[in-house]
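Chains, contacts and geometry: an overview
In case you want the letters, here they are:
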Amino acid sequence: MIFEPIESQRSTMIDSRLIEMSYKEAKIPRVIFLGAGESGKSTMFKQLRLIYDTGFDKSMRSTYKIVVHSTIMKIAKTLVVQCEKLALLGDKMDDPGLKRCMIEGKKARVAAERVRNLWELDSWFSPQLVRDIDDILQDPGAQNAMERYWMRFHPPLPDNTKYFASRIGKIAEETYIPSDQDILRARVRSVCIEDRILQYGDVRFQFIDVGGQRGERRKWIHCFSNVTTVLYVLSLSAYSERLIEDRRVNRMTEAVALFSEISAMSTFRSTSIIVFLNKYDIFEKRIKTIPFSSLFEDFDEDGEDPCCCAEYLKFVISEQSSKARRRKGVACRQIYYHLTTAVDTNLMRKIFESCSRVIVSRSIEDAGLMFAEEPQPCGSC
Ligand SMILES: Nc1nc2c(ncn2[C@@H]2O[C@H](COP(=O)(O)OP(=O)(O)OP(=O)(O)O)[C@@H](O)[C@H]2O)c(=O)[nH]1
Ligand SMILES: [Mg+2]
């Protein structure tokens, strides 16, 4: 099941009440980010803060310093464990590629031993730890493993692995303060609902970010009222990844099914829907190593062309959501698509600008200031 049953949990009620209150006070239209876990919703939400608000303040940067440090520790630890697993697997399968994933250098092996024995919570970012992590990251065996894991399997190594591995020197400095890009790349799983009121074009909107993992979705319903636009974020690179919540399920399959469900909800009957096909930067590299057709067997076009693959995906999404709407008797409407890389601020500025026409006009229609076009019955799609 994609949506979990609605449970009246205390934290949920607090989240939703807060949002409800601020909405009632402000009486402004809402725009909500929805999508599966790790698709990039919070990253886009952070971009809104950078582009339309005051950016990241001092206290946010110091919070993220801890996040960045713990991310690097986690990457190093995971890498040490995975290197062993891969090398063992290589032996078993007689695969020289996998065998090469053994940490080889003497210095790196000693460092790996130390890092393996660390407790994440009680370790601090000491100079010794930084040297150890650097020794591990420089090791050819670990680099082979990183490449394989980053490209092929997910989890365990997160999308930001390469980025933070390349920044270790800077991050280890005592005076280090996370840059905007570090904050955009740092991952904090959303477990509560966040909202922010922003001036967007000529209109003030309440933007809402929610957690996308299965356990978080039961909270969504509390902020569905008065939404004028849904921004659905779907990770393109998900086609080769599995859900953290259930390793048997492909992430893209889940994301497409979730979208179909949302687009067929009667609550969103007259809501604008914009789909961000995100993580384009990862996707265009990954399709060169893992065929897009590994998930979509019917896809027989140029698998090395990211736009061609994305077009096919749009077709799949439209087909499945039309079917879901027909089943529920919900009228057909236009869905807008954008290819995005959420960590790229310049690109996101352009994307948000180009979405403003849809978002703003919808809110004006809802306010009754403009003539709203009647939706077509679903039989015509
Ligand atoms: N390279 C790259 N990384 C991205 C992109 N979008 C998001 N990420 C990274 O992906 C990770 C997950 O992004 P989040 O924004 O936390 O995902 P989310 O949808 O909010 O996830 P939940 O809170 O679990 O629902 C973070 O480390 C981001 O920096 C992208 O377009 N390119
Ligand atoms: Mg999030």
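Structure report, in brief. The structure presented is a predicted model; accordingly, all values stated were derived computationally and were not measured. (Residues numbered from 1 in each chain as written. Chains lettered and ligands numbered in written order. Predicted model: local features only at pLDDT ≥ 70, side-chain atom pairs only at ≥ 80, totals over all residues. Heavy atoms only, no water.)

1. Things to note about the site of ligand 1
Note the following rule: Residue proximity to a molecule or strand is established when one non-hydrogen atom of the residue lies within 4 Å of it. Here a polar contact means two N or O atoms within 3.5 Å. Within protein one must be a hydrogen donor candidate and the other an acceptor candidate, and residues neighboring in sequence count only if both atoms are side-chain atoms. Only the protein chains shown count as covering a residue, and every accessible area follows the Shrake-Rupley method with a 1.4 Å probe. Helix and strand assignments follow DSSP, with helices taken as H or I runs no shorter than four residues and strands as E runs no shorter than two, numbered in order from the N terminus. Throughout this entry, Asp, Glu, Lys and Arg are counted as charged residues, while Ala, Val, Leu, Ile, Met, Phe, Trp, Tyr, Cys and Pro are counted as nonpolar. The remaining residues, Gly among them, count as polar. Marked domain ranges trace back to an automatic or database domain assignment.
By nearness alone, 24 residues border ligand 1, and Lys 41, Thr 43, Leu 184, Gly 212 and Ala 342 come closest of all. One nitrogen or oxygen atom from the main chain of Leu 184 is found 2.7 Å from an oxygen atom belonging to ligand 1. Between ligand 1 and Arg 185, the relevant distance is 2.9 Å, taken from an oxygen atom to a main-chain nitrogen or oxygen of the residue. Burial of ligand 1 by the surrounding chains reaches 98%, relative to a free accessible area of 660 Å². Counting residues per element, the ones that place at least two in the shell around ligand 1 are helix H2 (41-52), helix H10 (180-185) and helix H12 (280-286). Take the shell around ligand 1: its biggest share by element is three residues, from H2. Looking at side-chain class alone, the shell around ligand 1 contains five nonpolar, 11 polar and eight charged residues. Looking at which domains feed residues into the shell around ligand 1, each of domain 1 (10-38 + 190-362) and domain 2 (59-184) supplies at least three.

2. Brief notes about unusual backbone geometry
Look at Asn 226: it is not a glycine, yet its phi comes out positive at around 60 degrees. Locating Asn 226 in the fold gives a position in the loop between strand S3 (203-209) and strand S4 (227-235). The backbone phi angle of Lys 279 is positive, close to 60 degrees, even though this residue is not glycine. Structurally, Lys 279 can be placed in the loop between strand S5 (272-278) and H12.

3. Focus: the nonpolar core
Counted only if it meets this: By nonpolar core we mean a set of buried residues, namely Ala, Val, Leu, Ile, Met, Phe, Trp, Tyr and Cys, connected to one another through side-chain atoms within 4.5 Å. Throughout this description, buried means an accessible area under 20% of the type-specific maximum (1.4 Å probe, protein chains only), exposed means over 50%, and partly exposed covers the range between. Note on contacts: a residue pair qualifies if any of its non-hydrogen atoms lie within 4.5 Å across the two residues.
Counting 41 residues, the largest nonpolar core has Ile 32, Leu 34, Tyr 232, Leu 234, Phe 292 and Leu 313 as the members making the most contacts within it. Elements represented by at least two residues in this core include exactly strand S1 (30-34), S4, helix H11 (251-263), S5, H12, helix H13 (306-328) and strand S6 (335-339). Considering each element in turn, this core owes the most residues, six residues, to H11. Leave out the neighbours within four places in its chain, and Leu 234 touches Ser 39, Met 252, Ala 255, Val 256, Phe 276, Leu 277, Asn 278, Leu 313 and Ile 317. Counting residues in each nonpolar core, the second largest holds 40 residues, with Tyr 64, Ala 76, Val 80 and Ile 136 among its members.

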